[in-house]
Amino acid sequence: MTACDISWNGVANLVRNLYYSDKQVIAIVGPECSSVAQVVGSLLGLPQISLINIHLATSYALSNRTLYPYSFGINTPKFLSVAAIAALIDHNGWSRIGILYDPSVPEYVDSYRTFLNAMKDYTVEFAFTSYVSLTYFPLAGLKATYVRVIVSFLRRELQEKVLCLAYHMNMTYPRYQWILVDPTTANDPLGNVSIVYTNTEYTCDQDLMSSALNRSVSAVIDKLPPLDTITPVPGISDYDPFENCSDVTAIVECVLTFDATLALALALNRSIRPLMERNLSLSDYTSGEHSIASIIQQEIMSLSFAGMAGTIVQFDPNTGYPSAVITSLLQYSEEFGINSTFATMLNGTLHFKDVAVAFVSTDFDRIHRTTPIPLATVVVAIGVVVPLVVLVGIHVLNTVYWNVPSIKASSSNLNHFAYVGCNFIL
């Protein structure tokens, strides 16, 4: 089950197949979308259904073991992916950032909220936050705040339009740094885009988009492990995801689906002995047989094996997600290649590769930034600097024109005494 169809046709077909299938289904692999995985996961917790589910979704909500006791995630969860963004921002010392998010897609709202929670550990000012829609693009307001680092939680359709508009508004490298969380945008070449903004139509073809975004975008791939970590599973070397799948996204989906299927196979195999000790077998399973499902669930949580996605597959009992994950940060550029990995985050630690990265040592949030004069500085200038300047001026006049009677006291000593007194008063 891999489709992202949350409509009646999608979920209803699943339920129909579960109840009317001539084969007894024990487990489900998929879906990949969090919105569908949440619906499916809630169904699997009902008393009459006890299916095991290993999904490819990434939502933090799916880590609730009370609501989704039989659901496990094989993919990198959102709360660990956005931690990579937070670590990247902290690593570069960026103190002011802007956020764009899509309120119409629950997964992006979930990512946005999870990111805000992850940033609580860092001292960062959210100088600009706004939603984006097909009829509202707040780039003019964003530009007016002098924010140079923008984190974007947008679906591909909106992201392409925003980046095209950013190019025409001179909001790309070296003055701006964009961080995207949509893996589709980072892995697939951006297409031809047309957008109407302030009664003006802007267009960007594929070549223009690639050229304009050179070094401007670092994409945190929250669903895809770096391709150079994908390795054959020992003993199953005849399976090659690069030959069985058509493109980058499909390759990773194949890898994750393979790891999920292998996890289920191992768990089912290991559950045979504890079932036999209870005079049960897998053939005794029915859709509402929670005792058998619980044994399979326990075996899944005790798994630990080398997966094709580059890490040890081992599920965290508190979240149901893998405890060891890799998040890759890719540089979108012609120079480095769209899929060039410049950093990875493994188990909470950010590791930079030995490659040239345009923005790593650049403090973008201070470039061309106008800083207002603090009120305290103004008060000091008026109360101290101005009288001091006047006093110095009097001293110069007293020294240069000491013999002019009209601007001095009756005695030169008395004149100097008055000058010293003014200094004490100041």
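Reading the values: rules and limits
Position numbers for residues start from 1 in each chain and track the written sequence from start to end. The predicted nature of this model means local features are confined to residues of pLDDT at least 70 and side-chain atom pairs, given and counted, to a pLDDT of 80 or more, with totals for whole chains, interfaces and linings taken over all residues. Side-chain figures throughout are based on the complete set of non-hydrogen atoms in the structure, without hydrogens or water. Surface patches are defined over residues having more than 30% relative accessible area and no salt bridge, joining like charges when they lie within 9 Å and nonpolar side chains (Val, Leu, Ile, Met, Phe, Trp, Tyr) when within 5 Å. Each accessible area value is a Shrake-Rupley result obtained with a 1.4 Å probe; residue values ignore everything except the protein chains displayed when judging cover. Salt bridge, as used here, is a side-chain nitrogen of Lys or Arg placed within 4 Å of a carboxyl oxygen of Asp or Glu. Counting from the N terminus, the helices are the DSSP runs of H or I reaching at least four residues and the strands are the DSSP runs of E reaching at least two. Whether a residue is buried, partly exposed or exposed follows from its accessible area with a 1.4 Å probe, protein chains only, as a fraction of its type maximum: under 20%, in between, or over 50%, in that order. Aromatic rings from Phe, Tyr and Trp, with only the six-membered ring used for Trp, were paired whenever their centres fell within 6.5 Å, and each pair was classed as stacked if the ring planes differed by under 30 degrees, edge-to-face if by over 60, and tilted otherwise. We call a charge positioned over a ring when the NZ of a Lys or the CZ of an Arg lies within 6 Å of the ring centre and within 35 degrees of the ring normal. We call two N or O atoms a polar contact when they sit within 3.5 Å, provided that within protein one can donate a hydrogen and the other can accept it, with sequence-adjacent residues counted only if both atoms are side-chain atoms. For every residue, the pLDDT score states the predictor's confidence, bounded by 0 at the bottom and 100 at the top. Contacts between residues were defined by any pair of non-hydrogen atoms, one from each residue, lying within 4.5 Å. Only strands joined by at least two bridges in the DSSP assignment are considered to pair. For a crossover, the right-handed case is the one in which the path from the first strand over the helix to the second runs clockwise, viewed with the strands pointing away from the viewer. Take the buried Ala, Val, Leu, Ile, Met, Phe, Trp, Tyr and Cys residues and link them wherever side-chain atoms come within 4.5 Å; each set so joined is a nonpolar core.

> Please explain a nonpolar patch on the surface as it appears in this structure.
Taken together, V384, V385 and V389 make up a surface patch of nonpolar side chains, about 250 Å² in accessible area. Structurally, the position occupied by V384 is in helix α13 (residues 375-400).

> Sorry, what's going on with the pattern of salt bridges here?
Between side chains of opposite charge, a pair can form as their charged atoms come close. For the coordinates displayed, the defined rule picks out four salt bridges. Across the salt bridge formed by R155 and D102, the nearest N and O atoms sit 2.4 Å from each other. Residue R155 is found in the loop between β6 (149-153) and α6 (156-168), and its partner D102 is found in the loop between β4 (96-101) and α4 (106-118); the two are separated by 53 residues along the sequence. Under the relative-accessibility criterion, D102 is labelled buried at 1%. With a closest N to O distance of 3.7 Å, E157 and R155 form a salt bridge. Each of D102, R155 and E157 takes part in one network of salt bridges that share partners.

> Sorry, what's going on with the packing of aromatic side chains here?
Here a ring pair, both rings aromatic, is described through the centre-centre distance and the interplanar angle of the planes. On inspection of all chains with the given rule, the structure shows eight aromatic pairs. Measuring from centroid to centroid gives 5.6 Å for F115 and F153, while their planes differ by 50 degrees, and the two rings are tilted. Placement of F115 in helix α4 and of F153 in strand β6 is noted, with a sequence separation of 38 residues between them. The same class applies to F115 as to F153, namely buried. Counting every residue linked through ring pairs, the aromatic cluster contains Y101, Y112, F115, F126 and F153. Just above the ring of F72 sits the side chain of R65; from NZ or CZ to the centre is 5.0 Å.

> Help me out: how do you make sense of the side chain of R96 in this one?
Locating R96 in the fold gives a position in strand β4. For R96, the side chain forms a polar contact with the main-chain oxygen of T145, separated by 3.1 Å. At a separation of 3.3 Å, a polar atom in the side chain of R96 contacts the main-chain carbonyl oxygen of Y146.

> Help me understand the side chain of S152, please; the structure alone is not making it clear to me.
Positionally, S152 belongs in strand β6. One polar contact links S152 to Q159, side chain to side chain, over a distance of 2.4 Å.

> When you look at the confidence of the model for the protein chain in this model, what are you seeing that I'm missing?
Low-pLDDT stretches of the model should not have their predicted coordinates read in fine detail. Here the protein chain averages 76 in pLDDT, while 67% of its residues score no lower than 70. For the protein chain, the element scoring lowest by mean pLDDT is helix α7 (residues 183-187), at 48; helix α11 (residues 272-277) scores highest, at 94. This stretch, residues 360-370, has a pLDDT under 50; its non-local contacts, to residues over four places away or in other chains, come to 32 contacts.

> Just to check I follow, could you spell out the pairing of strand β5 (residues 125-131) for this structure?
In summary, the side chains of a regular strand alternate between the two faces of the sheet. Relative to β5, β4 is paired through six bridges, and the arrangement is parallel. When the sheet's bridge partners are listed, G98 is paired in β5 with F128. In this view, the connection linking β4 to its parallel neighbour β5 by way of α4 has right-handed handedness.

> It is not clear to me how the nonpolar core should be interpreted in this structure. Could you clarify?
What tends to happen in soluble globular proteins is that the nonpolar side chains get buried as a cluster. Counting 37 residues, the largest nonpolar core has I54, I74, I296, I300 and F315 as its most contacted members. Ranked by residue count, the leading element in this core is helix α10 (residues 248-270), at nine residues. Setting aside its immediate chain neighbours within four residues, I54 contacts I28, V29, G30, F72, I74, A260, A263, L264, I300 and F315. Listed in part, the 29 residues of the second largest apolar core include A84, I85, A87 and F153.

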